[in-house]
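# Inside the fold
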Amino acid sequence: MSSTRVLLLGVLLDGPLHGYEVRRRLEMWGTDTWANVAYGSIYHGLGKMADEGLLHRVEEGRGGKTLYEITEAGRAEFMTRLMSHWWEIKPIVDPFQVALTFMDRLSPADLIGAMEARAVQLRAAIGMFGRAIEAKRGHGAPRHIDETLRLNAAQLEAQLDWIGSALERVRNGELP
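This section reports on the structure supplied with the text. Note that the coordinates shown come from a computational prediction; the quantities given were computed from them, not determined experimentally.

What counts and how
- Residues numbered from 1 in each chain as written.
- Predicted model: local features only at pLDDT ≥ 70, side-chain atom pairs only at ≥ 80, totals over all residues.
- Heavy atoms only, no water.
- Helix = DSSP H or I, 4+ residues; strand = E, 2+ residues; numbered from the N terminus.
- Patch = residues over 30% accessible without salt bridge, like charges linked within 9 Å, V, L, I, M, F, W, Y side chains within 5 Å.
- Areas by Shrake-Rupley, 256 points an atom, 1.4 Å probe, with all protein chains shown as cover.
- Salt bridge = Lys/Arg side-chain N within 4 Å of Asp/Glu carboxyl O.
- Phe/Tyr/Trp six-rings, centres within 6.5 Å; stacked < 30°, edge-to-face > 60°.
- Buried < 20%, exposed > 50% of the residue type's maximum accessible area, 1.4 Å probe, protein only.
- Lys NZ or Arg CZ within 6 Å of the ring centre and 35° of its normal.

## Focus: the environment of Ser3
Along the chain, Ser3 turns up in helix H1 (residues 2–11). Each C-alpha atom of the pair Ser3 and Val58 lies 24 Å from the other, and the pair is 55 residues apart in sequence.

Next up, the structure:
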């Protein structure tokens, strides 16, 4: 919840928003792909942070529409967590590394086929990030949000480079 908490507080820095508006902004930024935000948890998170005094419920409208505003305590929490995200290096958890752990359990043909298929998927995903940057600009997303997409694309490109090198080693009998 730490990253989601930072995102929710950060979105509210510019002024009060309804939960739906918070969700729309996070969707426009693509946070489900680079921050693992479960959009269903947004409303729960907003309510919880309001109960903790990090947000103020400015208005509770009909149909459950609540307008949230960040408090001074929320601003302080945002800055503390934001800075910790800049300074702490944490491992990137990727199920693909589990697959690598057991690459020796596949026949060379199956391993080569899996690696070639992954390379195709990686190229498609990298292309998708480029299109997403253009689409987000068209919808008014801040330019710095592009950097999250560029970072994701660069990570996928690094994986694609690794696969290219590893494929050659598998074909030469050097791996696994």
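## Regarding a nonpolar patch on the surface
Side chains of Met79, Met83, Trp86 and Trp87 sit close together on the surface and give an oily, nonpolar patch of about 570 Å² of accessible area. Here Met83 lies in helix H5 (residues 72–87).

## Quick word on the packing of aromatic side chains
For the structure shown, the criterion picks out one aromatic pair. With a centroid separation of 6.2 Å and 80° between ring planes, the pair formed by Phe96 and Trp162 is classed as edge-to-face. Placement of the pair is Phe96 in helix H6 (residues 95–101) and Trp162 in helix H8 (residues 145–171), with a sequence separation of 66 residues. Residue classification places Trp162 among the partly exposed positions, given a relative accessible area of 30%. Arg118 extends its terminal NZ or CZ atom over the ring of Phe96, reaching a point 3.7 Å from the ring centre.

## Focus: the pattern of salt bridges
Counted by the stated rule, this structure contains ten salt bridges. Two residues, Glu72 and Arg75, come together in a salt bridge whose shortest N-O distance is 3.7 Å. Within this pair, Glu72 and its partner Arg75 are both found in helix H5, separated by three residues, close to a single helical turn. Using a relative accessible area of 62% as the deciding quantity, one classes Glu72 as exposed. Of the residues examined, Arg75 reaches a relative accessible area of 32% and is grouped as partly exposed.

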